[in-house]
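Structure at a glance
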Amino acid sequence: MYKVFLYSLVFSILAFIVWGSFFEIEIKIALSLIMLTFLPAISKRLYSWDATIRKIKAALYASLFLTGFALLLSIGSIIKGQHIDFASLWFTLFLFLIFLLGSVVYGVPVSSFSDLATARVTRYRFALAFIVHLGFGLISYLFLGPLMYFAMIVAVVFFLFDEFLRKQTSKHRETKMAT
């Protein structure tokens with residue numbers, strides 16, 4: 001009973017903060033859906049410890065990969081003989097933080113939902129999971145507007161890293177069980 005009271009109190013406070021804020025309605029809806037994934041009945045089905053750690057690693061790797069690409073563009077201008085632009089380096093760090101925040105807050109619950117939705121699919125699981133990731137990347141248009149294209153790129157890279165890590169862990173489990 002104590003846990004139910006505690007969860008309902010925390011959920012009510014978070015809902016009040018989200019819905020009482022000055023955000024646009026699209027952001028309120030997205031944050032509310034993300035909040036719902038942390039309810040105990042839902043989180044038991046969505047989040048296992050190993051899968052969540054794998055998804056956080058995928059979010060970190062995807063953010064580092066995309067930031068590294070942006071950093072290469074900045075370094076390219078330095079190599080061409082121009083001066084060091086510290087503003088672009090700070091912007092690259094800012095991009096990393098934005099990519100990481102978006103991947104953890106939005107990408108991990110979406111990817112967990114994708115795993116749940118494709119758990120029983122064997123033949124076309126990769127394609128279906130890819131469509132789910134792209135679909136939620138497209139939904140980000142509601143609160144990102146034209147920046148949705150960056151969200152789509154992050155969603156694809158996040159998906160690819162998550163699938164690569166999934167394959168590695170499944171191979172590791174098969175090797176471990178064989179011995």
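What counts, and at which threshold
- Residues numbered from 1 in each chain as written.
- Predicted model: local features only at pLDDT ≥ 70, side-chain atom pairs only at ≥ 80, totals over all residues.
- Heavy atoms only, no water.
- Helix = DSSP H or I, 4+ residues; strand = E, 2+ residues; numbered from the N terminus.
- Buried < 20%, exposed > 50% of the residue type's maximum accessible area, 1.4 Å probe, protein only.
- Contact = heavy atoms within 4.5 Å.
- Expected span 1.5 Å × (residues − 1).
- Arc of directions from axis to C-beta.
- Salt bridge = Lys/Arg side-chain N within 4 Å of Asp/Glu carboxyl O.
- Phe/Tyr/Trp six-rings, centres within 6.5 Å; stacked < 30°, edge-to-face > 60°.

This brings us to the overall build of the chain. Scanning the chain from terminus to terminus reveals eight helices and zero strands. Tracing the chain from N to C terminus, the helices and strands come up as α-α-α-α-α-α-α-α. Here the chain holds 179 residues, and the buried ones make up 32% of them. Counting contacts in the chain only where the partners sit at least 6 residues apart, residues at least 24 apart contribute 66% of the total.

As a further point, take helix α6 (residues 125-139). Across its 15 residues, α6 extends 21 Å between first and last C-alpha, which sits within 8% of the 21 Å expected from 1.5 Å per residue. For α6, the complete set of buried residues consists of R125, A129, V132, H133 and G137. The buried side chains of α6 occupy one side of the element, clustering within an arc of 135° when seen end-on.

Moving on, we come to the pattern of salt bridges. One pass over the structure, following the stated rule, counts seven salt bridges. A salt bridge links D115 to R166; the nearest nitrogen and oxygen atoms lie 2.4 Å apart. Of the two residues, D115 is situated in helix α5 (residues 86-117) and R166 in helix α8 (residues 148-178); the sequence distance between them amounts to 51 residues. The shortest N-O distance in the salt bridge between E163 and R125 comes to 2.4 Å. Note that E163 is positioned in helix α8 and R125 in helix α6, a separation of 38 residues in sequence. The class of R125 is buried, set by a relative accessible area of 15%. A cluster of three or more residues bridged by salt bridges with shared partners is formed by R54, K55, D115, R125, D162, E163 and R166.

A separate point is the packing of aromatic side chains. Counted according to the given criterion, the structure contains six aromatic pairs. Taking the centre distance of 5.8 Å and the plane angle of 75° together, the rings of F113 and F136 count as edge-to-face. Taken as a pair, F113 in helix α5 and F136 in helix α6 lie far apart in primary sequence, 23 residues in all. Residue F113 is classed as partly exposed on the basis of its relative accessible area, which comes to 39%. Ring centres of F130 and F159 lie 5.4 Å apart, and the angle between their planes is 55°; this geometry places the pair in the tilted category. Pair noted here: F130 is in helix α6 and F159 is in helix α8, with a separation of 29 residues, a long-range link. Here F159 falls in the buried class, since its relative accessible area comes to 0%. Clustering of aromatic rings is evident, with ring pairs tying together Y61, F65 and F161.

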